[in-house]
Amino acid sequence: MKILVAYKRVVDYNVRIQVKPDGSGVVTEGVKLSPNPFDDIALEEALRLREKGVATEVVVATIGPADAQAHLRNGLAMGANRAIHVTTGAPIQPLTAARALLKLVEKEQPQIVILGKQAIDDDCSQTGQMLAALWGRPQATFASKVEITGTVAKVTREVDAGLEVIEVDLPAVITTDLRLNEPRFIKLPDIMKAKSKPLETVTLESLGVESGDHHKVSAYAPPPKRSKGVMVKDVPELVAALKAKGLL
Amino acid sequence: MSKILIVAEHANGQLNNSTAKVLSAAKQMGASAIEVAVFAADPAAIAAQAAQLDGVTRVRAVANAANANALAAVLAPQVAALAADYTHVLGPSTTFGKDLMPCVAALLGEAMVSDIMKVHGAHRFERPIYAGNAIITVECPATRKVIATVRNASFAATGNGASAAPVEAASVNATLPSHTRFIELKAGASDRPDLQSAARVVSGGRAVGSAENFAIIYKLADKLGAGVGASRAAVDAGYAPNDMQVGQTGKIIAPELYVAIGISGAIQHLTGIKDAGTIVAINKDGEAPIFEVADIGLVGDLFKIIPELEQAL
Amino acid sequence: MSDRESMEYDVVTVGAGPAGLAFAIRLKQLKPDIRVCVIEKASTIGAQILSGAVIEPGPLDALLPQWRKAPPPSCVPATHDEFWWLRDKQHATKLPTPPQMHNAGNYIVSLGAMCAWLAPQAEALGVEIYPGFAAAEPLYDAAGAVCGVRIGDMGVAKDGSHKPAYTQGIDIKAPLTVLAEGARGHLTKQLVARYELDRDSDPQCWSIGIKELWQLAPGKGTSGKIVHTVGWPADTRTYGGSFLYHLDGDRVAVGYVVGLDYADPKLMPFELFQQFKHHPHVKPLFEGGKIVSGGARAIVTGGWQSLPRVEMPGAILIGDTAGLLNVPKIKGTHQAMRSAMLAAEHLAASGKAEGFNFVLRNSPVMAELRKVRNIKPGFKKGFWFGMANAGWETVTAGYSPWTLRNKPDYQQTRKLDAYVPPDRQWLDRDLPPRDRLAAVYFSATEHDEDQPVHLHVADTSVCVTRCAQEFGNPCTKFCPAGVYEMIGSGADMRLQINAANCVHCKTCDIKDPYQIINWVTPEGGAGPNYQNL
């Protein structure tokens, strides 16, 4: 069985995000880029399924500019068999990503598409769900446990009320939550081996998917600064202040 | 003029108060009508609750055995079928709404706005990116439908109105898939709300002094029905397990109420709570940085204040 | 021996700073078929590089003659120099710029950005660069020569047990190992001791440099301007001074350097830096601005007298790990790169470490150090003597027939009862960062908290007894990241090590009065994530 992993390159989670002084964007020049942590978890899960004998091939795919190749080699170093690079100039929005992934799905016919529940740059949490809807297949989002038996996946999902268990018929889309697994470290010799693993490049346009934003972003701003509130002098005043805010 | 459909979230016969918050956001979108859709096996009770909310003009109750549990694959085609009459389709930014709404958008061939935190008009919204470290203003094309989720922590819940809106049964023409099946819901391990999603959180810092003393934090949290967190210093000192750590290297949370007890407010901790609705700080040191960002601050000995506070609640 | 996986190269380079990268590039230029790798403990190249910096472009011109056509980002030609003496907390006097601080023809750069720019050029030549992998220890062959390095294990829990993702570090075997670790390299420390490389030289000396990158209010920057100050807030017996370099886009690199031979056991170099920013002559520049990033690093200052033997069986030392920085210029990058290129040329010609020590000691790198060798040691006798001596040494171009000696920094700290601190005249502070924990935030330093503590204190009972009494636990003060804390009091007092805050500056390893702190590498990829520092 083949697993397709959508593997996005994002600004590293450690980077202190700076909005450009003119509000036209976030400073990305010279800033460290890394695999989306949730996508690393997705890739790890796919690799474990392969190691368990459930899957036979793990294909890692990214949609990004030409220099995203190194990012895909990272995925190959982690253990993916093959990589697909869909090249496009500017960052794309989730609906476009879902449409592009659908094209890959139609060609590759994977039994599972697995990706992170959200990307830590745009925090949209849409792509996996949109892909499932466009594909007409099930989705199991925010997965914290995945069990595959034959053509059925039993997935435990982290929801607000606790843990929900659902069953989906494959092929299906799974999106990963933080507690699903801990991704493996990459070993130096594997970085060497990754250089010779197959990496296919295809343009977004050639897939028949239009780039371009569905929604325009008209401004970027830093978060509102919290400022000092009121000081109360004792517990009764505190309780009164909380009641006044409708919190008690 | 906008015509808005809100997809209601509910559980165990109770309307989730996220619906009332989505409603508050919807009211800022220049709507001539705001309607709520309730999908359930038997929607009557929930629909009645939704009808009470101030500003709701109609409730559409979609009864179907398949709707007994909220499954995105089952609900999305139904929402999409109803959506034809509306300019906006909104859901809450809860796991329910996040799971469902992108499917609705994709079925309608539309993009989606996640996590609206501020409404500037029917087609102009602010939302957080980079874990809230930047805020963007998004412009949706006026000629297309707006599909969106609304951030819980950013809107107060609308209360009940003077009269109830009409509740109408709605039948929906949609083929429902069978490829997704609900098995079970295991409620959270403890009775205490999960730290990551709790509406209220009480946290203890190093000043609490010991793992035994942390009991007073738990007691207060239970009185408030709150989740419990800890600062890194408290976790490092062994007073609390590390899955309770709130902050840059722990959990980043956005409860409506955050009570920081004996926490100095180092920037690393503040990163974890910067989106909280109201921050209350209790600390012996009046110079502690937490007071610079706390909405309500009380300087004093936590060992005297917390028991007193618990009594007063 | 274990059945550990290994990889083999002709040369393994430890550290992807200017020395390591220049070495690898030059070697590949001379011997395109040689197999050379560079391993780097930071998660990306440049992430743990911190320097002023104003660089002399000569070595870069020699290494990459076309570099000016595609220069690194954040590279601004120097336009003018200023030298100020802050007389006290209120007054400042402009002095003539000392000759060593004339920067015409030089460039203000972000050294981290420059290394990130050099790395792909090295890779294009076939150098293999591996960020995120820390060299934990040297490997020795049967004859006792260095034969490579061992990469540290990943996924080890705090108690030493293996976490589920545990991955054993591989051995990188090579007939030649090049240490390019920067100031106070931890492998270098081991090798200097093992091969007695410092037997015939003075002890090494260091300063600590603490730096911040600021985004000023629009229009406040003067691109190309270079300012150095001496005087306040350092007292006359403490070697200290500041730098302030204007990059482009209203960005300014500001920092403070404190000699680690300071005597005051209670001195906090971090506080000196923050005070400096509040001097009325300095503060207006920062008002309305904000910090973008910050960090700290030790600076090697022993120079000519303290240079150890730089070759040993199977390995050589280059750059700041050897100790080639020119103190009066406060520049080490050009020296590091020159030494790196000399090493590459020597290796291409001879194929081995042997002979490199002679080559380096008879090169312009050493000549430059010799010329200024008496300047820094002169400051041991205080600010005024130091300045006068510096003047003499500059005029005589280092031809003084004598050589002042260096003493170990850690021995210079006076005991609490033997030292009366001067009235430091501290100002009230309101510019960020408010304290060390806030400063650490801007270093974006990150360590998985569940890993062994990488700061080994040989005997923590010393901390709560002798050190507390004699020196008052200076580690709690000299660490710029607040790693060390004494918690509790009386019989309950104990040392707490907040290892996750560490910015890898190495100050504790250098300045601890009992020399019981040994810094080792944490898990690869951990530590600061400096941006444009």
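Residue positions are given per chain, counting from 1 as you read along its sequence in written order. Labels follow written order: the first chain is A, the first ligand is 1, and so on. Local features are withheld for residues below a pLDDT of 70 in this predicted model, meaning they are given only at 70 or higher, and side-chain atom pairs are given and counted only at 80 or more; totals for whole chains, interfaces and linings count all residues. The basis for the side-chain values is all heavy atoms of the structure; hydrogens and waters are excluded.

Novice: Describe the overall build of chain B, and please don't skip the residues or the numbers.
Specialist: Helix numbering and strand numbering both begin at the N terminus, where a helix is a DSSP run of H or I of at least 4 residues and a strand a DSSP run of E of at least 2. The number of helices and strands found in chain B is eight helices and 18 strands. A compact globule built from 313 residues would reach a C-alpha radius of gyration of about 20 Å, and chain B, at 21 Å, matches this within 12%. Along the three orthogonal principal directions, the C-alpha set of chain B runs to about 60 × 40 × 40 Å. For the exposure calls, accessible area comes from a 1.4 Å probe over protein chains only, and a residue counts as buried if that area is under 20% of its type's maximum, exposed if over 50%, partly exposed in between. Buried positions account for 56% of the 313 residues belonging to chain B. Atoms counted for the radius of gyration: C-alpha only. Globule rule: 2.2 Å times residue count to the power 0.38.

Novice: Help me get a handle on the pattern of salt bridges, residues and values and all.
Specialist: A pair is scored as a salt bridge if a Lys or Arg side-chain nitrogen falls within 4 Å of a carboxyl oxygen belonging to Asp or Glu. Within the structure shown, the criterion is met by 62 salt bridges over all chains. Note that B:Glu35 is salt-bridged to B:Arg58, the shortest N-O span being 3.0 Å. Residue B:Glu35 is located in strand E4 (residues 31-40), and its partner B:Arg58 is located in strand E5 (residues 58-63); the two are separated by 23 residues in the primary sequence. Relative accessible area serves as the criterion here: at 6%, B:Glu35 is assigned to the buried category. On the accessibility criterion, B:Arg58 (17% relative accessible area) is buried. The salt bridge partner of C:Lys329 is C:Glu56, with a shortest N-O separation of 2.7 Å.

Novice: Give a detailed account of the interface of chain B and chain A, specifying residues and quantitative values.
Specialist: Every contact between the two is made by 75 residues of chain B and, on the other side, 68 residues of chain A. Buried area counts how much accessible surface, traced with a 1.4 Å probe, disappears from two parts once they are put together, with both parts' losses summed. Summed over both sides, the interface of chain B with chain A buries roughly 5,800 Å², with 58% coming from carbon and sulfur. Looking only at chain B, the three residues that lose the most surface to chain A are B:Tyr130, B:His179 and B:Arg181, adding up to 12% of its buried area. Applying the counting rule to chain B against chain A returns four salt bridges. A salt bridge links A:Glu167 to B:Arg181; its shortest N-O distance comes to 3.1 Å. Within 3.5 Å is the distance limit for a polar contact, defined as a pair of N or O atoms, with the added protein rule that one can donate a hydrogen and the other accept it, and that residues adjacent in sequence qualify only through two side-chain atoms. At the boundary of chain B and chain A, one finds 34 residue pairs in polar contact (both at pLDDT 80 or more). Elements supplying a minimum of two residues to the side of chain B that touches chain A: helix H4 (95-107), strand E7 (112-116), strand E9 (124-129), strand E10 (134-139), strand E13 (180-187), strand E17 (278-283), strand E18 (296-299) and helix H8 (302-312) of chain B. The residue makeup of the side of chain B that touches chain A, split by class, is 42 nonpolar, 16 polar and 17 charged. Between any two strands, at least two bridges found by DSSP are needed for them to pair. Bridge analysis of strand E12 (residues 216-221) of chain A against E10(B) gives five bridges, and the strand direction is antiparallel. Bridge pairing in E10(B) places A:Val217 opposite B:Val138. Here a residue-residue contact requires only that any non-hydrogen atoms of the pair lie within 4.5 Å. Here the nonpolar group is Ala, Val, Leu, Ile, Met, Phe, Trp, Tyr, Cys and Pro; Asp, Glu, Lys and Arg are the charged ones; every other residue, Gly included, is treated as polar.

Novice: With reference to specific residues and values, describe helix H13 (residues 436-443) of chain C.
Specialist: Residue and element names in this part refer to chain C. Most of H13 is tucked away: seven of the eight residues are buried. What H13 keeps buried is the set Arg-436, Ala-438, Ala-439, Val-440, Tyr-441, Phe-442 and Ser-443. Of the residues trailing H13, Ala-444 is marked for its positive phi of about 50 degrees.

Novice: Report on the domain arrangement of chain B, specifying residues and quantitative values.
Specialist: Accessible area lost on assembly of the parts is the figure often given for the size of an interface. Residues and elements named next belong to chain B. Partitioning chain B into domains gives domain 1 (2-169) and domain 2 (200-312). Taken together, the contacts link six residues of domain 1 with four residues of domain 2. The contact between domain 1 and domain 2 buries some 450 Å² in all, and 41% of this surface belongs to carbon and sulfur atoms. Per-residue buried area on domain 1 facing domain 2 is highest for Ala-131, Arg-151 and Ala-153; these three make up 62% of the total on that side. Linking domain 1 to domain 2 there are two salt bridges. A salt bridge links Asp-275 to Arg-151, with the shortest nitrogen-to-oxygen separation between them at 3.4 Å. In this assembly, domain 1 and domain 2 are joined by three residue pairs in polar contact (both at pLDDT 80 or more). In terms of residue class, the side of domain 1 that touches domain 2 is made up of two nonpolar, two polar and two charged. Reported domain spans reflect what an automatic or database domain assignment gives.

Novice: How would you sum up the interface of chain B and chain C? Please name residues and give values.
Specialist: Chain B puts 13 residues into the contact, and the matching count from chain C is 13 residues. Of the roughly 1,100 Å² buried where chain B meets chain C, counting both sides, 42% is carbon and sulfur surface. Considering only the side of chain B, the residues that lose the most area to chain C are B:Arg206, B:Arg232 and B:Ile267, jointly responsible for 41% of the buried surface there. Where chain B meets chain C, there are three salt bridges. Linking B:Glu292 and C:Arg434 is a salt bridge whose minimum nitrogen-to-oxygen distance equals 2.5 Å.

Novice: Please give an account of the environment of B:Pro128 that cites residues and values.
Specialist: Considering the arrangement of structural elements, one finds B:Pro128 in strand E9. A residue is classified by how much of its surface remains accessible, and B:Pro128, at 5% relative accessible area, is buried. Non-local contacts of B:Pro128, meaning those with residues more than four positions away in its chain, are made with A:Asp122, A:Asp123, B:Asp115, B:Met117, B:Ala134, B:Ile135 and B:Arg151.

Novice: I'd like a description of the pairing of strand E14 (residues 200-204) of chain B, backed by residues and values.
Specialist: Residue and element names in this part refer to chain B. Counting buried positions over the five residues of E14 gives four, a clear majority of the element. Pairing of E14 with strand E16 (residues 257-261) involves five bridges; the strand directions are parallel. Paired with Arg-200 across the strands is Leu-257, a residue of E16. When E14 meets strand E15 (residues 227-230), the two strands line up parallel, connected through four bridges. Of the residues in E15, the one forming a bridge with Val-201 is Gly-227. Orienting the strands away from the viewer, one traces the path from the first strand over the helix to the second; a clockwise path indicates a right-handed crossover. In this fold, E14 hands off to helix H5 (residues 215-224), which returns the chain to E15; that crossover is right-handed.

Novice: Tell me about the confidence of the model for chain B, and please be specific about residues and values.
Specialist: In this model, chain B carries a mean pLDDT of 93, and residues with pLDDT of at least 70 account for 99%. Predicted as a complex, the structure gets a pTM of 0.92 and an ipTM equal to 0.94. pLDDT: the predictor's confidence for each residue, scored from 0 to 100.

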